[in-house]
Amino acid sequence: MRPIKDQTYYEILEVSPTATAKEIQRAYEHAKETFHADSMAVYSLFSEEEVEEIQKAIEEAFQVLMDETLRKSYDQSHFQTVGGQLTERPSEPPRGSKEKKPSLSFTGLSFNVEDGPYRGKTLKQIREKMGIELQAISKETKISIKILESIEEEVSEKLPALVYLKGFLKNYAQSLGLNPQKVIEEYIHSLEELKKK
Amino acid sequence: MGLICDEKQRGGFEWGGLFFARPPVCLQQAGDKPIPYLRGIRVGQVQNNNRKMIWTIGGGKGGSGKSFITANIGICLSKLGERVILIDADLGGANLHTFLGISPPVLSLSDFIKKRVFHLREVLIPTSTPNLQLLTGAQDLLNAADSKSVQKRKLIRSIQSLDSHTMLVDLGAGNSCSVLDFFLMSDGGIVVVTPEPTSIENTYRFLKSAFYRRLKQSVSSSSVKDLIDGAMDRKNEMGIQNPYDLIKAVRRVDEGDAQRMLEETKTFHPNLILNQVRSKKDIEIGFSIRSACLKYFGIHLHYLGYVVYDQDVSNSIRRRRPLVLENPKSRAAQCIMEIASKLVNRP
């Protein structure tokens, strides 16, 4: 029993971690049909804001799970194989939790940082302060070093499409033990500001 | 109309003039355990003679078809060889007997509540269907719905001690404590909903009341009980909007109680029957309600099945003849049979 912000993408779409693309597609269509403002099934149970939050979570889950690379990366950071079955990592902090302290999962180190605003150079500074090489991040997140460099340098023309970028930022943030949602929001915002200038 | 495809083409079997269909494909979803529909079961034979199941049928809204469904499922189960007792717990508005074509009985729950009879089995009435008995409600007891807590507990204990394979308890409308306590006494609570906003709204209110009452029964701290009472009001000052907020708030008061509430959540699995469906879209509302309950309450609601809107239902009620006996081949009767076959095979 977890609120939507702490649920895995699979829980959000009510599919198993081994679901096929077809099953995910079907679950997404069902979820879209269920969670919209005019749906009878949400009437009187959820507020408009709650429905919107669920809709956003559904979209995010669908976009990641339907992309083979993003899904693989997500699975690696959230699940482990126990007895031949995919199970959620018990030590993984809740998705989107704002209360967790940043920690580096693969070194066991803990590193407190000031909260954002997260930009490329902030992420780089945090990483360097932690003494982590970009290669190590790349190895853990399966994101290519070139993309990681583009993210840190904020080279907008070299950055992938927004949907992929969000996924990469999420994994990068998680590998540094940062709040992924906050990192995504602030990074995208700073990117938009940069484009305006 | 194409809503129900030709069941004979999909398999199934005939029995006593009734045709038992396979489960509709649309009700099987990923994650559902496959149910062995009547596989290997013959008339007069049940899987386990020692088990006893109590199903309570509620749902908050009046007129959703609870009594109609209770009566007809009861007949189907008894035809499958189960010993069944139908209990009309719509205290103050009992009319389950009418759905069975029985005149208002002389003996009722009133006689038990008023201690005119010693044991509940003394007010059991036989019906024209073998293996099926009726325990009719207290029609003349206007304040029966608010019966004292001691009386209520005694009644619930007496119902639980009745000798039968299956008991179907038809509850009255509303969210009174009596209705909720009857709903929660069962092995499986069933809510009957029609695909209309009013019915769905009342059902959610009913489920929320039942869920919170069950949580309240599981905790020991009086301040946590007060917190749960307060959380029933969505405009509460504590800002508790949903069960997640509630458990979070309880955790600050008593970690043990918060843990107990989480455990209760895992075992609270009400069932859903969608009545009077007119289209495929209506059928799918059942799945959407299931998803909404999972997201809001964190509970797994089991979608037992649906009953199509059918003029034969109204005709059978007017004739005071149960649909599954009067017109077993009607579409609505087929749906009820499918639901009954699921109930008999539930672990």
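Residues numbered from 1 in each chain as written. Chains lettered and ligands numbered in written order. Predicted model: local features only at pLDDT ≥ 70, side-chain atom pairs only at ≥ 80, totals over all residues.

For chain A, the count of helices and strands is nine helices and two strands. Overall, chain A shows an N-to-C arrangement of helices and strands of α-α-α-α-β-β-α-α-α-α-α. Burial analysis of chain A (197 residues in total) assigns 31% to the buried set. (Helix = DSSP H or I, 4+ residues; strand = E, 2+ residues; numbered from the N terminus. Buried ≥ 20, exposed ≤ 12 C-beta atoms within 10 Å, placed from the backbone.)

Helix and strand counts for chain B stand at 14 helices and 10 strands. When burial is assessed residue by residue, chain B has 45% of its 347 residues classed as buried. Pairs at least 24 residues apart make up 73% of the contacts formed inside chain B by residues separated by at least 6 positions. (Contact = placed C-beta atoms within 7 Å.)

Another aspect to go through is helix α2 (residues 66–79) of chain B. Spanning 14 residues, α2 of chain B covers 20 Å between terminal C-alpha atoms, matching the ideal 20 Å at 1.5 Å per step. Looking one or two residues past α2 of chain B, G81 of chain B carries a phi angle of roughly 100°, positive in sign. (Expected span 1.5 Å × (residues − 1).)

Turning our eyes to something else, we now look at the interface of chain B and chain A. Contact with chain B, which involves 20 residues of that partner, is made by 20 residues of chain A. Broken down by secondary-structure element, the contributors of at least two residues to the side of chain B that touches chain A are α7 (197–218), α10 (255–267) and α11 (280–296) of chain B. Counting residues per element, the side of chain B that touches chain A draws most heavily on α11 of chain B, at nine residues. For the side of chain B that touches chain A, the per-class residue count stands at 13 nonpolar, five polar and two charged. (Nonpolar A, V, L, I, M, F, W, Y, C, P; charged D, E, K, R; others polar.)

What follows deals with the nonpolar core. Formed by 112 residues in total, the largest nonpolar core has its most connected members in L13 and I58 of chain A together with L86, V169, I273, I336 and A340 of chain B. Residue contacts for I336 of chain B: discarding those within four places in its chain leaves I69, N72, I73, C76, V307 and V324 of chain B. Residues I143, L148, A173 and L176 of chain A belong to the second largest nonpolar core, which totals 16 residues. (Core = buried A, V, L, I, M, F, W, Y, C linked by C-beta atoms within 7 Å.)

All names here are of chain B. With respect to the secondary-structure elements, S223 resides in helix α8 (residues 222–231). Classification of S223 by C-beta neighbours within 10 Å gives exposed; the count is 11. Residues S223 and V250 lie 27 residues apart in sequence; the distance between their C-alpha atoms is 9.0 Å.

Take the domain arrangement of chain A next. Residue and element names in this part refer to chain A. By domain assignment, chain A separates into domain 1 (4–88) and domain 2 (120–196). With centres defined by C-alpha atoms, the gap from domain 1 to domain 2 works out at 23 Å. Each side of the interface is counted separately: domain 1 has eight residues, and domain 2 has seven residues. Ranked by the residues each element gives to the side of domain 1 that touches domain 2, the list is headed by helix α4 (residues 68–78), at five residues. Residues belonging to the side of domain 1 that touches domain 2 are distributed by class as follows: two nonpolar, four polar and two charged. (Domains from an automatic or database assignment.)

Let's shift gears to unusual backbone geometry. For E14 of chain A, which is not a glycine, the phi torsion comes out positive at approximately 55°. Within the element layout of this structure, E14 of chain A appears in the loop between α1 (9–13) and α2 (21–34).

Our next topic: the packing of α2 of chain B against helix α14 (residues 331–345) of chain B. All names here are of chain B. Interaxial distance between α2 and α14 falls to 9 Å at its minimum, and their mutual angle equals 60°. Read as a crossing pair, α2 and α14 show a hand that is right-handed. Contact residues: α2 offers I69, N72, I73, C76 and L77, while α14 offers I336, M337, I339, A340, L343 and V344. By residue class, the composition of the contact of α2 with α14 is 10 nonpolar, one polar and no charged. (Axes fitted to C-alpha atoms, helices over the stretch in contact; angles between N-to-C directions. Left-handed = near helix turned anticlockwise from the far one by under 90°.)

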